[in-house]
Amino acid sequence: MATIYIDNKPYEVKEGDNLLHACLSLGFDLPYFCWHPAMNSVGACRQCAVKQFRDENDTHGKIVMACMTPAADGTRISIDDPEANAFRAANIEWLMLNHPHDCPVCDEGGECHLQDMTVMTGHSYRRTRFKKRTHRNQHLGPFINHEMNRCIQCYRCVRFYRDYAGGRDFNVFACHHAVYFGRHEEGVLENEFSGNLVEVCPTGVFTDKTLKQHYVRKWDLQTAPSVCVHCGIGCNIMPGERHGDLLRVQNRFHSEVNGYFLCDRGRYGYDFVNCNDRIRRPRLRRATGGAHVSVAAEEALEGVANLLHFGARVIGIGSPRASLEANFALRSLVGPDNFFTGMSEKDLLMVRLMVDILVKGPARSPSLSDIAGSDAVFVLGEDLTNSAPMIALALRQSVRQRPMALAKKMHIPNWNDAAVREAMQNEKGPLFLATPCATKLEEVAAHAYHGAPDDIARLGFAVAHELDPEAPAVEGMAEQLMSLARVIAGDLGMAERPLVVSGQGCSCAAVIEAAANISRALHKKGKPAGLCFVVEECNTLGIGLMGGGSLEQAIAAARKGKADTVIILENDIFRRTDAASAEKLFAAAGEVISIDHLQNETTVRAGIVLPASTFAETGGTFVNNEGRAQRFFQVFVPEDEVMESWKWLRHMRDLTGLPQAEEWSGLDDLTSALCGAYPVFTGVKEAAPQADFRMIGRKIPRQPHRYSGRTALLADISVHEPKPPDDHDSPLSFSMEGYEGIPPSALIPRYWAGGWNSVQALNKFQEEVGGLLRGGNPGRRLIEPGKEYQEKYFGRAPGPFSRRQGEWLLMPLYHIFGSEELSSRAQAIAERSPVPYIALNAKDASELGVDGGGMIRLLLPDASYLLPVRITPSLPDGVAGVPAGIVPHLSGSGLPAWGRLKKGEGG
Amino acid sequence: MLSILRTLWTVLLHTFRKRATVLYPEEKPSIPPRWRGRIILSRGPDGAERCVACYLCAVACPVDCISLQATEDEHGRRYPEFFRINFSRCIFCGFCEEACPTYAIQLTPDFEMCEYNRQSLVYEKEDLLISGPGKYHDYDFYRVAGLAIGGKDKGQAENEEPPVDVRGLMP
Amino acid sequence: MKEIIMSLLTVFGVLIAATTIAAGLIWLERRLLGLWQDRYGPNRVGPFGLLQVLADMIKIFSKEDWIPPFADKPVFIIAPAVIMFTVLMTFAVIPFTRAVHVVDMNIGLLFFLGMSSLGVYSVTLAGWASDSKYSLLGGLRAAAQMLSYEVYMGLSLMGVVMLSGSFNLREIVEAQKGLWFCIPQFLGFAVFLIAGVAETHRLPFDLPEAESELVAGFHSEYSGMKFGMFFVGEYLGITLISAMIATLFFGGWLGPVLPPIIWFLIKMFVFICFFILLRAALPRPRYDQLMSYGWKVLFPLSLLNLVVTGGILLAR
């Protein structure tokens, strides 16, 4: 700790931070632009000027940039000094010289950092007589709108896009007063994190294009704390609603999970909530084989009641994309023996294996901030950029950890970003990748190995054996691979915080076992190795912890005649198993009830469809890949007859007429019952305050205090304003009235502070800028590594992959845009999704007599597909790739599988 | 005591003064043009809608009686998709007019807008939009704003230089 | 028989005339206030807005007559009746002309003083029965104010009694044939006028009501016709005090050319208008100012008037 004097008052700050960081953490309002807590200082904008004094006798002082000056013990500065004030005001005036007069039509207006800072410094009138500089804009794809006139040249965008996120197709061009931030030519921004430019840009150069289509101001959005549903990482988000539509998603800070950023799938995938495929009214078939008719909820429930009579055999199929509470409600309704997880056998086995390793093994599952802090990483079988983009972003930071030591040796503080990068040059820390084919992360990797899953597992086993000879050895490894394994083992063994990443991506248990072995071997050497597993869906780990049979077992049970009725909860079983097996379920079951929010094949086939609410219309808990239970809250009340899944299930439970042990009057009751039923879920209750929580007797309002149009919004329907809906399930209210201050971190619905209308108001919600939220981060980790674990390694490495004649091993290739079920229904995401294809290396393609763009017929035991070829040189011989979740009826869960390939007709 | 008597006398003299009351409706009062009466949406000098759907009137409104939704034409010109004022809530404070950056929303000297049915006091955009510029004749927001819209490219607004040539090497 | 019918006719005639004048005063007051404030006042209902009174009556009769649940119900109901009763009873002794009067009482003046004392009960009880802090404060103020001003009112009239040698109002009027008592008894007249304003708690001495501080004082909780009775009672009070001034100091019906009843009405209306002018022109004093003015100025003045008048009479 160091004592610094600000305007002659002493303050305790962390030694070595820069002054801007220290001042903001202390709660001072000091304007800034180019500094960003995640990207540190470059001193480009000259806005955070303060006056520094040599000692208490120095009255003259000198102007310094707070972000470039270390907070050493005894530093004396003045923020309020008239000269510093004048300097900052003049600086803003210069920055505003060319800023266009278009705030009213700028999407950033009302949440603009530049507006806030201009008001803070007091500049209000443009005195210059000269003309304003203008720029042409670029079309940057479906996510980002470009309006270059507004730029104030703070360089935050390039620093984020190039330095932080590793993008290449965006840069700064031209010189002097004409610098231009954009692409070398118009086109879609390729980087997966481009959406963050919206929040990174202090003004309106980059704005959210999807919001623009139904634009409303920040103060008109009804927001609530939520959790992203588009992958297993569980980034914290803040969705915003108005007029019954979800309008945008913004980052919700969590220092351990997503920090300041989101991937584009998470930011733009929300649109599925508004899509035309939404089921908004219950549907049922009045006659067997008849068409669906929309009916009132009463009639649908009547139909359900007929199926749930006493003695009826009912099985329930849960879902890894439904909340813990909804799954638990289904499990309670049908009984533990009749509850199935809804995951395919293959997936379920792997999830169980991962859970087992995490619960019993020595390695701790790292949070994203831990991942970013790792200094040696080995990734087995995961294309992280596509399957868990935020981990890829964290790994891009992790490769800086080791070279950072160079900067330290030169006494450059960590926050001095430009200097640190200059010192590091292109040095990269050890990141090793072993994947079926080339991935984007290879740009920063020390070495990338491409092989079939079995070969990846063998490499992993070999690395474990190198680290600890007691680990099972691999027979018949090529010398080249052995030397690679030695290099990897050497780097991991030398690291202070090594990390192993693996997951569901290869659908290969051996890969996961190999990863577990490596982490075990590292722990044996006394290294606190992290073991990160990537799971596919937002609650995969949660339902893995909950347990239950696989989808195949459910189908088998139905076929054995154990199911008069099947209840499918938020699950499209056609995505999890092949069409033939799914059809068997419908054939065997007497009646299928599907509770879901989007039209899909399962809902089309089901006899009764009940409209469920999406993540934005309900509350619940997800468990992310790290084992962290995170509560998400309802953002808005859905229209029509859409209802939370657990409420539909509650209705069903009431319809059975059976006496019940506990009452589910609210979501909290369900959570309590869940905690009672599973010791592992005890922490779920502490993930967020309960519904009866109040701040000085008041609820926390979902609407900002400036929410407009209350008395006119619905006036076209009736001039008599309706009462705002009640929320019995959370301490938040659907109104603008309530507690105005800073609520507990799990309940922060939006960032706003007096004078800080932009997202940068977040500074006021943190204990220290860039650090913990006040009162600690939300969510609870449910899994901690076992204290007493067995020093046992997983059995034997698989044999090497051998290709088959005429058959190819089909690997699922994940795509950030398109592979995930829900986000692919969002319009902007759909625009970026690839069309179905089959990937082969050039040698295999020529063997089949096709080249890039030619057609290939893929023959599976019960289906065949005609797909265009995409040449992927990095694929091993005998392995073909198909995009996961994009080819209709070719479920990602069914892969990898062997399939025959033939040159297609017309190819 | 004397002052009381003088007051009584002064007040009594008012018997012979002219009365200030205007006998509305037989006699129409003359209302100043800046009177705060019925709200209208005006058009710019070129006849295009002035409102750019910035939501500032809605947020300034102390009784929250203005509601709108922004949308854009194919050339990026923003305008309100719907614009609704609930006059049964309006207090004619004029904050919306003050907040309006484009002179689109204006209060007029018309105050005769009573209804027997409250619902009839909900005015939609077609009820609000007039065909002229109202009190301010020459102002056109898009002519000063840096945004490019149909018929006005970058650099064509008032006080603007032509767009920068990013590839130029001239200092 | 004929006598009974005649006296019944007089009784009802006086009753109807008094209440009609009081009701008309509501209109008159609003018009006059309008006049002195450069406005019109009610001018829409009927000719010159005259039917405004009727409209107001319809309104006040059809309003909900609500008794607060916390009020002392019987007292709450009796209170407004008391004021109507006392004021109307006093009209019985007023000689409108030599012939037109209900009763020719030889203690008429004492009867007037007695009845106006009883009127205090109305406001005090109303304030007390309402069980509301504003009403109670109003009632307390009314009791103190009216009891105090009654003293000087009584004392100020003693000069008149001495000069005329009678308590009979008709005789007092007839004693003014040569000279109206307003000349020799100017001090008595002034004290009586001011005390009269205070007795009817009219502006500027409407402290029991004082809407700016006590909402509506003793009748805060009243509504409908009960409130209406206080209202009419107040205007009846104005009419009565004006009639008394005309009778005691300005020679009642006496006057040349015109018939006596017209003279009486003219004199009465001049004072009614004066009462309204007071309201239009003067601000309300503080309560302590009201009381100290009464006891420190009016009381000595009325005593002085009594002593001087007595001295002169004795000396003569």
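Computed from a predicted structure; not experimentally measured. (Residues numbered from 1 in each chain as written. Chains lettered and ligands numbered in written order. Predicted model: local features only at pLDDT ≥ 70, side-chain atom pairs only at ≥ 80, totals over all residues. Heavy atoms only, no water.)

A. Expanded view of the sheet that holds strand E2 (residues 9-13) of chain A. Residues and elements named next belong to chain A. What the five strands build is an open sheet, ordered E2-E1-E5-E3-E4; its pairing is mixed. The open sheet terminates on both sides in strands that have one partner only, identified here as E2 and strand E4 (62-65). In this sheet, neighbouring strand axes are inclined to one another by 40° on average, regardless of whether the strands run parallel or antiparallel. Pairing analysis gives two bridges linking strand E1 (residues 2-6) to strand E5 (residues 76-78), with the strands arranged parallel. (Pairing = 2+ DSSP bridges. Helix = DSSP H or I, 4+ residues; strand = E, 2+ residues; numbered from the N terminus. Axes fitted to C-alpha atoms, helices over the stretch in contact; angles between N-to-C directions.)

B. Fine view of the sheet that holds strand E3 (residues 78-86) of chain B. Residues and elements named next belong to chain B. Spatially, E2-E3-E5 is the arrangement adopted by the three strands of the open sheet, whose pairing is antiparallel. Each end of this open sheet is capped by a strand with a single partner; those strands are strand E2 (66-72) and strand E5 (122-123). Bridge count between E3 and E5: two bridges; the pairing is antiparallel. Residue Asn 86 lies in a different strand from E5, and its bridge partner there is Val 122.

C. Quick look at the pairing of strand E34 (residues 855-860) of chain A. Residues and elements named next belong to chain A. Of all six residues in E34, five are buried; the element is thus mostly enclosed. Of the strand pairs in this sheet, E34 and strand E35 (residues 863-871) are connected by six bridges, and their pairing is antiparallel. When the sheet's bridge partners are listed, Met 855 is paired in E35 with Pro 868. Joining the antiparallel neighbours E34 and E35 is a turn of two residues. (Buried < 20%, exposed > 50% of the residue type's maximum accessible area, 1.4 Å probe, protein only.)

D. Up close: the interface of chain C and chain B. Contacts between the two partners involve 15 residues from chain C and, on the opposite side, 17 residues from chain B. Both faces combined, the contact of chain C with chain B buries some 1,400 Å², and carbon together with sulfur accounts for 62% of it. On inspection of chain C and its partner chain B, the count reaches one salt bridge. Arg 44 of chain C is paired through a salt bridge with Glu 26 of chain B; the nearest N and O atoms lie 3.0 Å apart. On the surface where chain C and chain B come into contact, there are five residue pairs in polar contact (both at pLDDT 80 or more). Elements supplying a minimum of two residues to the side of chain C that touches chain B: helix H1 (2-36) and helix H10 (260-281) of chain C. For the side of chain C that touches chain B, the element with the most residues is H10 of chain C, which contributes five residues. (Contact = heavy atoms within 4.5 Å. Buried area = accessible area lost by both parts, 1.4 Å probe. Salt bridge = Lys/Arg side-chain N within 4 Å of Asp/Glu carboxyl O. Polar contact = N/O pair within 3.5 Å; in protein donor to acceptor, adjacent residues only side chain to side chain.)

E. Local environment of the packing of helix H16 (residues 453-467) of chain A against helix H17 (residues 479-494) of chain A. Residues and elements named next belong to chain A. At a minimum axis separation of 8 Å, H16 and H17 run at an interaxial angle of 55°. What the angle tells us is that H16 and H17 run oblique. Handedness of the crossing formed by H16 with H17: right-handed. Between H16 and H17, the contacting residues are Leu 459, Ala 462, Val 463, Glu 466 and Leu 467 on the first element and Leu 481, Met 482, Leu 484, Ala 485, Arg 486, Ile 488, Ala 489, Leu 492 and Gly 493 on the second. By residue class, the composition of the contact of H16 with H17 is eleven nonpolar, one polar and two charged. (Parallel < 35°, antiparallel > 145°, perpendicular 65-115°, else oblique. Left-handed = near helix turned anticlockwise from the far one by under 90°. Nonpolar A, V, L, I, M, F, W, Y, C, P; charged D, E, K, R; others polar.)

F. Highlighting the side chain of Arg 576 of chain A. Mapped onto the elements of the fold, Arg 576 of chain A is located in the loop between strand E24 (565-569) and helix H21 (579-588). Its relative accessible area of 6% is what places Arg 576 of chain A among the buried residues.

G. Main features of the layout of surface pockets. All names here are of chain A. Taken as a whole, the largest pocket holds about 1,400 Å³ of empty space. Taken together, 48 residues form the lining of the largest pocket, with Pro 37, Ala 38, Asn 40, Ala 372 and Gln 401 sitting closest to its centre. Sorting elements by how many residues they give to the lining of the largest pocket places helix H13 (residues 389-398) first, with four residues. Across the lining of the largest pocket, the residue classes tally to 22 nonpolar, 14 polar and twelve charged. (1 Å grid on protein atoms, 1.4 Å probe; cavity = no way out; pocket = protein on both sides within 12 Å on 5 of 7 lines; lining within 4 Å. Points joined across faces, edges and corners; volume = space filled by probe spheres on them.)

H. Quick peek at the interface of chain B and chain A. Taken together, the contacts link 46 residues of chain B with 51 residues of chain A. Around 3,800 Å² of area is buried between chain B and chain A when both sides are counted, 51% of it from carbon and sulfur atoms. For the interface between chain B and chain A, the tally reads seven salt bridges. For the interface between chain B and chain A, the tally reads 28 residue pairs in polar contact (both at pLDDT 80 or more). Of all the secondary-structure elements, those providing two or more residues to the side of chain B that touches chain A are helix H2 (56-60), E2, E3, helix H5 (141-144) and strand E6 (160-163) of chain B. Residue contributions to the side of chain B that touches chain A peak at six residues, all from E2 of chain B. Tallied by class, the residues present in the side of chain B that touches chain A amount to 26 nonpolar, eight polar and twelve charged. Strand direction decides the pairing type here: strand E6 (residues 132-134) of chain A and E6 of chain B, joined by two bridges, are parallel.

Shape is all these values report; function is a separate question.
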